[in-house]
Amino acid sequence: MSRGEVDQVIEWAAEEGWNPGLGDAVPFHAADPTGFLVAEAGDGRPAAAVSVVRYGEDLGFLGLYIARPEYRGRGLGMAAWRVGMAYLAGRTVGLDGVVAQQDNYRKSGFVLAHRNVRYQGTVPAVEPPDGLADLAAVPFDRLLGYDRPLFGAPRAAFLSAWIGMPGVVGLAAGGITGNLSGYAVARPCRVGWKIGPLFADDAETADKLFRGLCARIPGGEPVILDVPEPNSTAVALAGRHGLSPVFETARMYAGRPLDLDLGRIFGITTFELG
């Protein structure tokens, strides 16, 4: 895809009810400019799409798998899928599969790792907690060093663009002069605000980061957090702040699954890019 076509496919995602972020196209494309594929119909119009983003040497992530309703049933989505999987050949490939498609992904060699559950709600007004810093003040190499083992691969281009999107709020616990013990990002979406990633060394730090972001989000706006279900303290955090489950995906891998410390992952970054 061209950069403009990425915008178009994100608009398709919005029409499907995926509620993308207002500025997602820029960091998505920056993550891997050649990792966004579009299948054209016989009339030359874009008909189906998939993102197959490469991270480092060993990981790929598949998302934004969409066929336009008027072109479904013609094999164009599967054509994009096959080319995308070839692009990621030799890598572990992750995806977040909706319930209706999980059996199809299993047939393609994907194996369940864990469920991710989307929690959503309106958080009552909170006072900004002490001890947090603007994420922009943290040296970027220190942020990358903290992020890599929790994401599973380097993603410098994506992360730089992600935290630099207009309107984004990013907070850090530590990291300016000492060790980083957590960081979190909230971005404005078509509806409400999504928090992700929310990475922290412990539940107390995660809660502080969550409250810090909510203190900066306009009052009355829905807050959305995508939680790896095995992290029971993350599930408890969502419930404690009045969020309720509204959606789920299956994190699945083809190839060797990632050995991530889910106990420190309180919110994943995106369902589309991992």
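Residues numbered from 1 in each chain as written. Predicted model: local features only at pLDDT ≥ 70, side-chain atom pairs only at ≥ 80, totals over all residues. Heavy atoms only, no water.

1. A few points about the overall build of the protein
In step 1: A count of helical and extended segments in the protein gives eight helices and twelve strands.
In step 2: Whereas a compact globule of 274 residues would reach a radius of gyration of roughly 19 Å, the protein reaches 18 Å, a difference of no more than 12%.
In step 3: The dimensions of the protein, computed from C-alpha atoms along their principal axes, are 60 × 35 × 30 Å.
In step 4: Buried positions account for 52% of the 274 residues belonging to the protein.
In step 5: A fraction of 72% describes how many contacts in the protein between residues 6 or more apart in sequence connect residues 24 or more apart.
In step 6: Carbon and sulfur atoms provide 51% of the accessible area of the protein, an area that totals close to 11,700 Å². (Helix = DSSP H or I, 4+ residues; strand = E, 2+ residues; numbered from the N terminus. Rg over C-alpha atoms; globule rule 2.2 N^0.38 Å. Buried < 20%, exposed > 50% of the residue type's maximum accessible area, 1.4 Å probe, protein only. Contact = heavy atoms within 4.5 Å. Areas by Shrake-Rupley, 256 points an atom, 1.4 Å probe, with all protein chains shown as cover.)

2. A short note on the pairing of strand β2 (residues 46–55)
In step 1: Summarising burial for β2: eight of the ten residues are buried, a large majority.
In step 2: The hairpin formed by β2 and strand β3 (residues 59–67) contains three residues between the paired strands, and Gly-56 there has a positive phi angle of roughly 60 degrees. (Pairing = 2+ DSSP bridges.)

3. Things to note about the packing of helix α7 (residues 203–216) against helix α8 (residues 232–240)
In step 1: In the contact formed by α7 and α8, the axes pass within 10 Å of each other and the chain directions differ by 35 degrees. Crossing angle aside, the handedness with which α7 passes α8 is right-handed. Contact residues: Ala-203, Ala-206, Asp-207 and Phe-210 in α7; Thr-233, Leu-237 and Arg-240 in α8.
In step 2: Across the contact of α7 with α8, the residue classes break down as four nonpolar, one polar and two charged. (Axes fitted to C-alpha atoms, helices over the stretch in contact; angles between N-to-C directions. Left-handed = near helix turned anticlockwise from the far one by under 90°. Nonpolar A, V, L, I, M, F, W, Y, C, P; charged D, E, K, R; others polar.)

4. Comments concerning the nonpolar core
Generally speaking, nonpolar side chains in soluble globular proteins are found buried as a group.
In step 1: Within the largest apolar cluster, 41 residues are counted, with the highest numbers of intra-cluster contacts made by Phe-28, Tyr-55 and Tyr-183.
In step 2: Looking at this core, the elements that each hand over two or more residues are α1 (3–15), α2 (25–31), β2, β3, α5 (140–151), α6 (156–163) and β8 (180–188).
In step 3: The leading source of residues in this core is α1, at five residues. (Core = buried A, V, L, I, M, F, W, Y, C linked by side-chain atoms within 4.5 Å.)

5. Quick word on the pattern of salt bridges
In step 1: In total, this model carries 16 salt bridges according to the counting rule given.
In step 2: The partner of Glu-229 in a salt bridge is Arg-115, and the shortest N-O contact between them spans 2.3 Å. In this pair, Glu-229 sits in the loop between β10 (222–228) and α8 while Arg-115 sits in strand β5 (residues 111–122), placing the two residues 114 residues apart along the sequence.
In step 3: A relative accessible area of 35% means that Glu-229 is categorised as partly exposed.
In step 4: Put simply, Arg-115, Glu-229 and Glu-248 are held in one network by salt bridges that share partners. (Salt bridge = Lys/Arg side-chain N within 4 Å of Asp/Glu carboxyl O.)

6. Regarding the environment of Ser-108
In step 1: Counting through the fold element by element, Ser-108 comes out in the loop between α4 (102–107) and β5.
In step 2: Measuring from C-alpha to C-alpha, the distance between Ser-108 and Ala-254 comes to 8.1 Å, with 146 residues separating the pair along the chain.

7. Observations regarding the pairing of strand β7 (residues 169–174)
In step 1: Burial runs high along β7: five of the six residues are buried.
In step 2: Alignment of strand β6 (residues 133–134) against β7, held across two bridges, turns out to be antiparallel. What sits directly across from Ala-133, in β7, is Ala-172.
In step 3: The antiparallel pairing of β7 with β8 creates a hairpin that spans five residues between the two strands, and Gly-175 there sits at a positive phi of about 95 degrees.

8. Details of α1
In step 1: End to end, α1 covers 19 Å across 13 residues, agreeing with the expected 18 Å (1.5 Å per residue, within 8%).
In step 2: All of the buried residues in α1 are Val-6, Val-9, Ile-10, Trp-12 and Ala-13. Projected onto a plane normal to the axis of α1, the buried residues spread over an arc of 150 degrees and lie on a single side.
In step 3: On the buried face of α1, the contacting elements are α2, β1 (36–40), β2 and β3.
In step 4: Downstream of α1 by one or two residues, Gly-17 has phi in the positive range, about 85 degrees. (Expected span 1.5 Å × (residues − 1). Arc of directions from axis to C-beta.)

9. Quick notes on helix α3 (residues 76–87)
In step 1: Here α3 is twelve residues long and its end C-alpha atoms lie 17 Å apart, about the 16 Å a rise of 1.5 Å per residue gives.
In step 2: Within the span of α3, buried status applies to Leu-76, Gly-77, Ala-80, Trp-81 and Gly-84. Down the axis, α3 shows its buried residues gathered within 140 degrees of arc, on one side only. For α3, the exposed residues set more than 90 degrees away from the buried face come down to Arg-82, Val-83 and Ala-86.

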